[in-house]
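# Structure at a glance
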Amino acid sequence: MSHQVEDFYQPLGFEIIEFSEDGPTLCYEPVENGQYAILTTEEGLVPESLEEKVIFSYYCEAGAFRWHLEFKNSQAFAEAWPSGASAEERFAAMKVLSEKEEA
């Protein structure tokens, strides 16, 4: 992953973690509630550039996948990601967007 991508997502609360054999993953994992989200490309990889399409995937406390959202690029994601909000508020805002996409 490029430093540009890592530097872009770090202030948004995302960090690179290793998910067992799957390799590095861009993850938002607040400590307080066990929920987490990952950001990947369509191939399930960490984005190499900020221009790539990204997929935000939400997982519940038990680690089960619940829903996802697609963004045309990292900037579009950053505009939708509530800055200064709690983890619960961020997940709720993303859930609202996912429900709008389904409608």
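Please refer to the structure higher up on the page.
Everything numeric in this text was worked out from a predicted model, so none of it was measured.

### Describing the overall build of the chain
Of regular secondary structure, the chain possesses three helices and five strands. Listing every helix and strand of the chain by position from the N terminus yields α-β-β-β-β-β-α-α. Expected size for 103 residues packed as a compact globule is a radius of gyration near 13 Å; at 13 Å, the chain falls within 12% of this value. Each principal axis of the C-alpha atoms in the chain carries an extent, and together these give about 30 × 25 × 25 Å. Within the chain, the fraction of its 103 residues that count as buried is 42%. Considering only contacts in the chain between residues 6 or more positions apart, those separated by 24 or more positions represent 36%. When the accessible area of the chain is evaluated, it comes to approximately 6,000 Å², of which 49% is carbon and sulfur surface. In the chain, 6 positive and 21 negative side-chain charges are present, and the distance between their average locations comes to 10 Å.

### A short note on the state of the cysteines
Scanning the entire structure with this criterion turns up zero disulfides. In this structure Cys27 is a free cysteine whose sulfur lies 14 Å from that of Cys60, the closest cysteine sulfur available.

### Regarding the pairing of strand E3 (residues 36-40)
Of all five residues that make up E3, five are buried, and the element is covered over most of its length. Summarising the sheet, strand E2 (residues 24-28) and E3 pair through three bridges and their orientation is antiparallel. Each residue of the ladder has a partner; that of Tyr28, found in E3, is Ala37. In this sheet, strand E4 (residues 54-59) lies alongside E3 in antiparallel orientation, the contact comprising five bridges. In the sheet register, Leu39 faces E4, and the bridge partner there is Phe56.

### So, the environment of Gly23
Position of Gly23 among the secondary structure elements: in the loop between strand E1 (15-18) and E2. Since its relative accessible area comes to 14%, Gly23 is described here as buried. For the pair Gly23 and Val46, spaced 23 residues apart in sequence, the C-alpha to C-alpha distance is 9.3 Å. Dropping the residues within four chain positions of it, Gly23 is found in contact with Ile17 and Glu18.

### Topic: the packing of aromatic side chains
Going through the model one piece at a time under the given rule, you end up with 17 aromatic pairs. Members of the aromatic cluster, each reached through a chain of ring pairs, are Phe8, Tyr9, Phe14, Tyr28, Phe56, Tyr58, Trp67, Phe71, Phe77, Trp81 and Phe91.

### So, the nonpolar core
Ranked by size, the top nonpolar core spans 22 residues in total, and within it Tyr9, Phe14, Phe56 and Phe77 carry the most contacts. Those elements that place two or more of their residues in this core are helix H1 (3-9), E2, E3, E4, strand E5 (65-71), helix H2 (74-80) and helix H3 (87-102). Contact partners of Phe14, with chain neighbours within four places excluded, come to Tyr9, Leu26, Cys27, Tyr28, Ala37, Leu39, Phe56, Phe77 and Trp81. Among the nonpolar cores identified, the runner-up in size contains five residues, and Ile17, Cys27, Ile38 and Tyr59 belong to it.

Here is what the cut-offs are and how they apply
Residues numbered from 1 in each chain as written. Predicted model: local features only at pLDDT ≥ 70, side-chain atom pairs only at ≥ 80, totals over all residues. Heavy atoms only, no water. Helix = DSSP H or I, 4+ residues; strand = E, 2+ residues; numbered from the N terminus. Rg over C-alpha atoms; globule rule 2.2 N^0.38 Å. Buried < 20%, exposed > 50% of the residue type's maximum accessible area, 1.4 Å probe, protein only. Contact = heavy atoms within 4.5 Å. Areas by Shrake-Rupley, 256 points an atom, 1.4 Å probe, with all protein chains shown as cover. Lys, Arg positive; Asp, Glu negative; His and termini not counted. Charge placed at Lys NZ, Arg CZ, Asp CG, Glu CD. Disulfide = S-S within 2.5 Å. Pairing = 2+ DSSP bridges. Phe/Tyr/Trp six-rings, centres within 6.5 Å; stacked < 30°, edge-to-face > 60°. Core = buried A, V, L, I, M, F, W, Y, C linked by side-chain atoms within 4.5 Å.

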